[in-house]
Amino acid sequence: MEGNPLVTIILTAFNQKQFVKFALESVRTQDYSNIELIIVDNGSSDTSPVVIQDWIAKHNLDFPLKVIFREGSLPYCKSFNEAFSRANGKYLVDLSGDDMLTKDHIRLAVIKLQDFLGSACCFSDVLLIDEKGHENTFYKRNFRGKLKQKIRVGDIYRDLVRKYVVPSVSLVFDADLFRREGGYDEDLSYEDFDIMVRLARKYPFVFSNHIGVKKRIHSKSFAATQYSSRNSIMLPSTLKVCQKIKTMNRSPKENKALLQRVMFETKHALWSANFDVAEGFLALAGELNASGKTFEWYKKWCQKRWDFSTIYAVLKKISPQ
């Protein structure tokens, strides 16, 4: 076991001029010394490349640095995999240009991964910061900061299939296992749901009880487009992942977990008037032996193509959950 293994951080920026300097600073100020940083500007049309260049020029960095400035944007998964091909670390962090690592995140995650060799990744809590500056942790904590819920670790495949229980921005991957699984699926528009279930199918996950990342929740993020009215880019990829999960499942309980996820995604696809992908979710639900009034109602809604997306957009602003 290495005492101080190299950690590769791949920081991807895209039109994040107001945020990227803070992301870069969060890497520079880590209290873990053995890191390498790969910066990718994925074809920004704003001044993000200038901010990055100015930051590099200002600091005499004491860790290896590689920089990729793309003239045009690549799909995220393809861009990340290309950058990852240049990585040398034993562990891997995927950092967005609008998020920030806490100072001790890498050190604490590495300790946990070194204690539980063979784990696919370590996850932690995340501080969510909205556009008004309001802050909440991903996991419930009391006023003293103590966790109020039990965090499942080890084999969490079924939990991940059922719903979003791990804040993916906090993940520190075992780079060899990430590489063995082929990295991100380049046929998808986003990465985290798929890579988590693929890794969890084969390997355990570990948790470190600290806040590892400060994540900005804002309207210009790609995640905010997940349920865009009528033309979601992300929902077709979610359907592909759910179809993939069906082939990976090994038990009725896992199929039940998948059905819960599929019905949830169907609901949001219908509310957002993404009817073509809703049809795909309903077909998958049928393969999973869905039944009952809700399923029948969803089928009728999809058939009639009743468009409530304007109301849905208002409701999402009032209550994002």
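Let me sum up the structure you'll find in this document. (Residues numbered from 1 in each chain as written. Predicted model: local features only at pLDDT ≥ 70, side-chain atom pairs only at ≥ 80, totals over all residues. Heavy atoms only, no water.)

## Notes on the pattern of salt bridges
So, step 1. The full count for this structure, using the stated rule, is 20 salt bridges.
So, step 2. When the shortest N-O distance is used, the salt bridge between D99 and K215 registers 4.0 Å. Highlighted residues: D99 in the loop between β4 (91-96) and β5 (100-101) and K215 in strand β9 (residues 205-216), separated in sequence by 116 residues.
So, step 3. Judged by relative accessible area, K215 falls into the partly exposed class, the value being 21%.
So, step 4. K246 is the salt-bridge partner of E287, the closest N and O atoms lying 3.9 Å from each other. Of this pair, E287 sits in helix α10 (residues 275-287) while K246 sits in helix α8 (residues 234-248), and the two are 41 residues apart along the sequence.
So, step 5. One network of salt bridges, in which partners are shared, links D185, D194, R198 and K244. (Salt bridge = Lys/Arg side-chain N within 4 Å of Asp/Glu carboxyl O. Helix = DSSP H or I, 4+ residues; strand = E, 2+ residues; numbered from the N terminus. Buried < 20%, exposed > 50% of the residue type's maximum accessible area, 1.4 Å probe, protein only.)

## Digging into the side chain of N81
So, step 1. Among the secondary structure elements, N81 is positioned in helix α3 (residues 76-84).
So, step 2. A relative accessible area of 14% places N81 in the buried class.
So, step 3. With residues near it in sequence (within four places) discarded, N81 still touches F178, G182, G183, Y184 and E186. (Contact = heavy atoms within 4.5 Å.)

## With respect to the pairing of strand β1 (residues 7-13)
So, step 1. When you tally the buried positions in β1, you get seven out of seven residues, the bulk of the element.
So, step 2. The alternating pattern of β1 places V7, I9, L11 and A13 and T8, I10 and T12 on opposite faces, both of which are buried.
So, step 3. One ladder, built from seven bridges, connects β1 with strand β2 (residues 35-41); its direction is parallel. Within the sheet, the bridge partner assigned to T12 lies in β2 and is V40.
So, step 4. Traced from β1 through helix α1 (residues 20-28) to β2, the parallel crossover comes out right-handed.
So, step 5. The pairing of β1 with β4 spans six bridges and is classified as parallel. Paired with T12 across the two strands is S96, which belongs to β4. (Pairing = 2+ DSSP bridges. Right-handed = clockwise from strand over helix to strand, strands pointing away.)

## Concerning the packing of aromatic side chains
So, step 1. Tallied over the entire structure, the rule returns 18 aromatic pairs.
So, step 2. Taken together, a centroid distance of 5.4 Å and an interplanar angle of 80° make the contact between W271 and W301 edge-to-face. On the criterion of sequence distance, the pair formed by W271 in helix α9 (residues 252-271) and W301 in helix α11 (residues 293-304) is long-range, its members being 30 residues apart.
So, step 3. By relative accessible area, which is 26% here, W271 ends up partly exposed.
So, step 4. For W301, a relative accessible area of 4% corresponds to the buried category. (Phe/Tyr/Trp six-rings, centres within 6.5 Å; stacked < 30°, edge-to-face > 60°.)

## Here's the deal with the state of the cysteines
So, step 1. Counted by the stated rule, this structure contains zero disulfides.
So, step 2. With no disulfide of its own, C242 has C302 as its nearest cysteine by sulfur position, at a separation of 16 Å.
So, step 3. For C242, a relative accessible area of 0% translates into the label buried. (Disulfide = S-S within 2.5 Å.)

## Structural notes on α3
So, step 1. Among all positions of α3, only C77, S79, F80, N81, A83 and F84 are buried.
So, step 2. Taken together, the buried residues of α3 touch β1, β2, β3 (65-69), β4 and α6 (175-180).

## Section: the packing of α8 against α10
Two numbers describe a pair of packed helices, the interaxial angle and the distance between the axes.
So, step 1. It is at 9 Å that the axes of α8 and α10 come closest, and there the two elements cross at 15°. Regarding the angle of α8 to α10, the classification is roughly parallel. For the pair α8 and α10, the sense of crossing is left-handed. Together, L235, P236, T238, L239, C242, Q243 and K246 of α8 and V277, G280, F281, L284 and E287 of α10 make up the contact between the two elements. (Axes fitted to C-alpha atoms, helices over the stretch in contact; angles between N-to-C directions. Parallel < 35°, antiparallel > 145°, perpendicular 65-115°, else oblique. Left-handed = near helix turned anticlockwise from the far one by under 90°.)

## Here we look at the environment of G43
So, step 1. On the secondary structure map, G43 appears in the loop between β2 and α2 (48-58).
So, step 2. Relative accessible area serves as the criterion here: at 15%, G43 is assigned to the buried category.
So, step 3. For the pair G43 and L160, spaced 117 residues apart in the sequence, the C-alpha separation amounts to 32 Å.
So, step 4. Once residues lying within four places of it in the same chain are set aside, the contact partners of G43 are F14, R70, E71, G72 and S73.

## Some remarks on the packing of α1 against α2
So, step 1. Contact pair α1 / α2: the axes reach a minimum separation of 9 Å and the direction vectors enclose 30°. Relative to α2, the element α1 lies roughly parallel. Considering how the two elements wind past one another, α1 and α2 form a crossing that is right-handed. Across the interface between the two elements, V20, K21, L24, E25 and R28 of α1 pack against V51, I52 and W55 of α2.
So, step 2. Taken together, the residues of the contact of α1 with α2 sort by class into five nonpolar, no polar and three charged. (Nonpolar A, V, L, I, M, F, W, Y, C, P; charged D, E, K, R; others polar.)

## Structural notes on helix α4 (residues 105-115)
So, step 1. Along α4, the residues classified as buried are H105, I106, A109, V110, L113 and Q114. Projected down its long axis, α4 shows its buried positions confined to an angular sector of 150°, all on one face. (Arc of directions from axis to C-beta.)

## Remarks on the pairing of β4
Strand residues, when the strand is regular, have side chains that alternate between the two faces of the sheet.
So, step 1. Most of β4 is tucked away: five of the six residues are buried.
So, step 2. In terms of strand pairing, β4 meets strand β8 (residues 172-174) through three bridges, oriented antiparallel. Across the sheet, the residue bridging to V93 is V172, located in β8.

Remember, this is a structural readout, not a statement about activity or role.
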